[in-house]
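Here's the letter readout for the chains.
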Amino acid sequence: MIRINENFLKLRPSYLFSEISRRLAAFQDSHKGASIIRLGIGDVTRPLPRACIDAFHKAVDEMARQDTFRGYGPEQGYLFLREKIAEFDYRSRGADIDADEIFISDGAKSDTANIQEIFSQDVRVAIPDPVYPVYLDTNVMAGRAGDMTDGRYSNIAYLDATPDNGFVPTPPDGQVDLVYLCYPNNPTGAVITKERLAQWVDYARRNKALILYDAAYEAFIRDDDLPRTIYEIEGATEVAIEFRSFSKTAGFTGTRCAFTVVPKECTAYDSALRPHSLHGLWMRRQSTKMNGVSYPVQRAAEAVYTPEGRAQVKELIDGYMENASLIRSSMEDLGLPSTGGENSPYIWVETGMDSWDFFDMLLEKAHVVCTPGEGFGRCGRGFVRISAFNSRQNVELAIDRIRKVLS
Ligand code: MLT
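These numbers were taken from a predicted model, which means no experiment stands behind them.

Participant: A description of the sheet that holds strand 9 (residues 240–245) should follow, citing residues and the corresponding values.
Facilitator: The seven strands are arranged 2-10-9-8-7-3-6 in an open sheet whose pairing can be described as mixed. Bordering the open sheet on either side are strand 2 (102–105) and strand 6 (157–160), each of which pairs with just one other strand. With direction set aside, neighbouring strand axes in the sheet form an average angle of 20 degrees. Where strand 3 (residues 125–129) lies against strand 7 (residues 178–182), two bridges are found, and the strand directions are parallel. Looking across to strand 7, one finds that alanine 126 is bridged to valine 179. Relative to strand 8 (residues 210–214), helix 6 (residues 194–207) is tilted by about 145 degrees, and along the sheet it contacts strand 6, strand 7 and strand 8.

Participant: With reference to specific residues and values, describe the sheet that holds strand 13 (residues 338–340).
Facilitator: Read across the sheet, four strands follow the order 13-14-17-16 without closing on themselves; strand pairing throughout is antiparallel. Each having just a single partner strand, strand 13 and strand 16 (371–372) make up the two edges of the open sheet. By the bridge criterion, three bridges tie strand 13 to strand 14 (residues 346–350) in an arrangement that is antiparallel. The residue bridging threonine 339 from the neighbouring strand is tryptophan 348, located in strand 14. Where helix 11 (residues 307–333) meets the sheet, it contacts strand 13, strand 14 and strand 17 (383–387), and its direction lies at approximately 160 degrees from that of strand 13.

Participant: For helix 9 (residues 278–289), give the residues involved together with the corresponding values.
Facilitator: For helix 9, which comprises twelve residues, the first-to-last C-alpha distance of 16 Å matches the rise-based estimate of 16 Å (1.5 Å per residue) to within 8%. N-cap assignment for helix 9: the residue whose side-chain oxygen lies 3.2 Å from the backbone N of histidine 279 is serine 277.

Participant: Quick one: what's the story with the site of the ligand, residue by residue and with numbers?
Facilitator: In the region of the ligand, the neighbouring residues are Phe17, Ile41, Gly42, Lys109, Tyr132, Asn186, Tyr217, Lys248, Tyr346 and Arg385. Here an oxygen atom of the ligand sits 2.6 Å away from a polar atom, N or O, in the main chain of glycine 42. Tyrosine 132 is positioned such that a nitrogen or oxygen atom in its side chain is 2.6 Å from an oxygen atom of the ligand. Taken by itself the ligand offers 260 Å² of open surface, and the protein chains cover 85% of this. Counted by class, the shell around the ligand contains five nonpolar, two polar and three charged residues. Inspection of the shell around the ligand shows a minimum of three residues originating in each of domain 1 (6–47 + 308–406) and domain 2 (53–306).

Conventions used here
- Residues numbered from 1 in each chain as written.
- Predicted model: local features only at pLDDT ≥ 70, side-chain atom pairs only at ≥ 80, totals over all residues.
- Heavy atoms only, no water.
- Pairing = 2+ DSSP bridges.
- Helix = DSSP H or I, 4+ residues; strand = E, 2+ residues; numbered from the N terminus.
- Axes fitted to C-alpha atoms, helices over the stretch in contact; angles between N-to-C directions.
- Contact = heavy atoms within 4.5 Å.
- Expected span 1.5 Å × (residues − 1).
- Polar contact = N/O pair within 3.5 Å; in protein donor to acceptor, adjacent residues only side chain to side chain.
- Near = heavy atom within 4 Å.
- Areas by Shrake-Rupley, 256 points an atom, 1.4 Å probe, with all protein chains shown as cover.
- Nonpolar A, V, L, I, M, F, W, Y, C, P; charged D, E, K, R; others polar.
- Domains from an automatic or database assignment.

In structure tokens form, the structure reads like this:
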């Protein structure tokens, strides 16, 4: 008899954003023609930058000609893209990352989900609360989380992110092995300073732990003093893997391209305490399980680093950040304490009521979709996340409607 992986039975019944889509579809079914404004899932709404589109077209044409056609690419990604990333995203920030330490993939979601496969079943995992659900759910699937009571798994070390700590947890007193951090943060929009990040790097070095650093929203950082990569912190290349994405940076959510940095000196240990390079393990995993990202998509991503691409990406992000600023100030005007939106496309709003009730109220009365904070964890109770990914016009309309509902 074929048996299932029973760890899947320990998951919440549906993935957060699938549950929101389900509620939205049900609402649309009973309110045909309602004009709904989506500020829920962080999905971009503006087209790809012109430079990316031009490079994309050119690469498709190359695939159509015998002399320039390409079959399988390198599993780790084309060197032309990895070299640009190493130069512009790392060396320009003083971070000593080599093109060989970069792995191109189809998304930070898949990479942050898959990376846990290379660690032992019994590592102690620390996960912020609230959190992007992928980190937690994939550890539940792998059987590391234990059982759920009152919204929490017994074997997970939760790092509470609350107004009291500015939504930035400090390292725990005890031992944890694998720490997920995300800055600018999804969902709270909070940012981490170099000093606070250095505390985590120091913790990881002292405890032979590893930080999985999700920097998918790095492009939204406005404050020049904030770290754009964990490798700006001394010693981080020994204890941190970093995830980045072109999704939110350059509008690639539907095009799919991201990358993960696994420095060669990044180390973990076997049961005899012998050190192993994680770079080798990740290379082994990726070359076994994937064949990379398509050539035209990698050429489109490369164009992000041209002078035109950089200017166009900046314009794209500036537009979303104007929305973010408007959302945040409007929520505060309505008397709802908010964070985020200054170096992040997400605004984390304290609603003063149950977060699913607030979600339902906005959907029913304002026809606006947000994301209930509770879907990101117990500390998200009473909050909602509002995303700045939409047109200026829709954001203004959504704020008008929310104002009418709340005042
Ligand atoms: C979000 O809304 O949190 C993100 O869009 C999810 C993702 O990037 O997968």
